[in-house]
Amino acid sequence: MTDGQRFVPDFLYGTAWKEDRIPALTELAVRTGFRGIDTANQRRHYFEAGVGQGLAAAYRAGVVTRADLFLQTKFTYQRGQDHRLPYDPAARLSVQVAQSLASSLEHLGTDYVDSFVLHGPAGYEWTEADAEVWEAMVKERDAGRSRLLGVSNVSLEHLEQMAAAHAEAPAFVQNRCFARLGWDRAVRQFCRERKIIYQGFSLLTANPEAVHHPLVASIAARAHATPAQVIFRFAQAVGILPLTGTSNAEHMKQDLASRHVEMLAEEVKAIESPAAPADLAH
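For clarity, every value in this text was computed on a predicted model and none was experimentally measured.

For the rest of this paragraph, the subject is the pairing of strand β8 (residues 240–244). Among the 5 residues in β8, 5 count as buried, and that is most of the element. Here β8 shows two buried faces, one formed by Ile240, Pro242 and Thr244 and the other by Leu241 and Leu243. Strand direction decides the pairing type here: strand β1 (residues 12–14) and β8, joined by 2 bridges, are parallel. What sits directly across from Tyr13, in β8, is Thr244. Bridging between strand β7 (residues 197–201) and β8 involves 3 bridges; their strand directions are parallel. By the bridge assignment for β8, Tyr198 is matched with Ile240.

Pasting the structure below:
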């Protein structure tokens, strides 16, 4: 674990798809106890400036200081954006990376982020474009504008090709996590072997069959927890840093409290086991 990774909290609050509610929800998340905030400079799905407004309100109220928080943002290729671009589309990709991060720092009212993530590679292969973007991200990190780097929405093939190209390994991989695919088992194994922190999102919304499975219900009853808390605690138990995007104040509290849910090793294994995804689908 690097010095930078010592600052990583055990839960992240995701800010996508909340639009005008995001300033208030970001402040509420921080007040509730979240110390990790995930966003992106992608106006199509995120309102990053609104995240900054929520953080500013929390700072003014004395709830936290910037040093108390882990802020993560992303560089998104033009194909993932709408017309509200955070960079000059005619510029080189390396310039777009610098412009995007500079814009993010302004949005978030800070001179550095804790994590800067490539918001999905350019295609099904790790391309020259990805290599150029990654090299530019490394330069931003080396200049002190980010502590750590990551990649999101990647396959095992992407990561293997990235490694084969002798690219610096990311500190984070962030993927949507499906129970029916073994909770992204192959990518998690790759990360575990290289001490990369795996961030999992859509743990609930992508897995209704798991959330409502009798096994999860029985664990929840025994542990005096909700099924959602069981899923989040399971995720942490197998090395996943979970994200939640809830807009519900009570759910925010419950999600954070999931770290205290007691689960037996065999229960964790049962949810994760190769047989479980197929079973959970029924």
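Further remarks concern the layout of surface pockets. Empty space among the atoms can be located by rolling a probe the size of a water molecule over them. Of the pockets and cavities examined, the largest pocket occupies roughly 740 Å³. What lines the largest pocket is a set of 37 residues, and nearest its centre among them are Ala16, Trp17, Arg176, Phe201 and Ser202. Put simply, the parts of the chain that give the lining of the largest pocket at least two residues each are β6 (172–176), α9 (227–237), β8 and α10 (249–257). Counting residues per element, the lining of the largest pocket draws most heavily on α10, which supplies 3 residues. Tallied by class, the residues present in the lining of the largest pocket amount to 11 nonpolar, 20 polar and 6 charged.

Now for the packing of α9 against helix α11 (residues 265–272). Contact geometry for α9 and α11: axes closest at 10 Å, N-to-C directions at 95°. By the angle between their directions, the pair α9 and α11 is classed as roughly perpendicular. Across the interface between the two elements, Val230, Phe234 and Ala237 of α9 pack against Val268, Ile271 and Glu272 of α11.

When you line up the elements, Asp114 lands in strand β4 (residues 113–118). A polar contact of 3.0 Å, which involves the side chain of Asp114, links it to the side chain of Arg147. What Asp114 contacts, discounting residues up to four positions off in sequence, is Arg66, Leu69, Phe70, Leu71, Ser146, Arg147 and Leu148.

Judged by pairing direction, the barrel is parallel, and its 8 strands sit side by side in the order β1-β2-β3-β4-β5-β6-β7-β8 before closing back on the first. Geometrically, the sheet is characterised by an average inter-axis angle of 30° between neighbouring strands, direction not taken into account.

Moving on: the pattern of salt bridges. All chains considered together, the criterion is met by 14 salt bridges. Of the charged contacts, one joins Arg84 and Asp82 as a salt bridge, the two residues approaching to 2.6 Å between their closest N and O atoms. A residue is classified by how much of its surface remains accessible, and Asp82, at 22% relative accessible area, is partly exposed. Among the salt bridges present, the one from Glu272 reaches Arg188, with a minimum N-O distance of 2.9 Å. With a gap of 84 residues between them, Glu272 in helix α11 and Arg188 in helix α6 (residues 185–193) connect regions that are remote in the sequence. With a relative accessible area of 21%, Glu272 lands in the partly exposed category. One network of salt bridges, in which partners are shared, links Arg66, Asp114 and Arg147.

For the rest of this paragraph, the subject is the side chain of Thr73. Along the chain, Thr73 falls in strand β3 (residues 70–75). Every residue in contact with Thr73, bar those within four places of it in the chain, is listed here: Thr39, Ala40, Asn41, Glu48, Leu101, Ser104, Val113, Ser115, Phe116 and Val117.

For the rest of this paragraph, the subject is the pairing of β7. Of all 5 residues making up β7, 5 are buried, and the element is well covered by its neighbours. Taken together, the 5 bridges between β6 and β7 define a ladder with parallel strand orientation. Directly across from Gln174, in β7, lies its bridge partner Gln199. Where the polypeptide runs from β6 across α6 and back to β7, its parallel neighbour, the crossover connection is right-handed.

In this section: α10. Within α10, the full set of buried residues consists of Met252, Asp255 and Leu256. Projected down its long axis, α10 shows its buried positions confined to an angular sector of 95°, all on one face. Each element contacted by the buried residues of α10 is listed here: β1, α1 (22–32), α9 and β8.

Cut-offs and rules
- Residues numbered from 1 in each chain as written.
- Predicted model: local features only at pLDDT ≥ 70, side-chain atom pairs only at ≥ 80, totals over all residues.
- Heavy atoms only, no water.
- Buried < 20%, exposed > 50% of the residue type's maximum accessible area, 1.4 Å probe, protein only.
- Helix = DSSP H or I, 4+ residues; strand = E, 2+ residues; numbered from the N terminus.
- Pairing = 2+ DSSP bridges.
- 1 Å grid on protein atoms, 1.4 Å probe; cavity = no way out; pocket = protein on both sides within 12 Å on 5 of 7 lines; lining within 4 Å.
- Points joined across faces, edges and corners; volume = space filled by probe spheres on them.
- Nonpolar A, V, L, I, M, F, W, Y, C, P; charged D, E, K, R; others polar.
- Axes fitted to C-alpha atoms, helices over the stretch in contact; angles between N-to-C directions.
- Parallel < 35°, antiparallel > 145°, perpendicular 65-115°, else oblique.
- Contact = heavy atoms within 4.5 Å.
- Polar contact = N/O pair within 3.5 Å; in protein donor to acceptor, adjacent residues only side chain to side chain.
- Salt bridge = Lys/Arg side-chain N within 4 Å of Asp/Glu carboxyl O.
- Right-handed = clockwise from strand over helix to strand, strands pointing away.
- Arc of directions from axis to C-beta.

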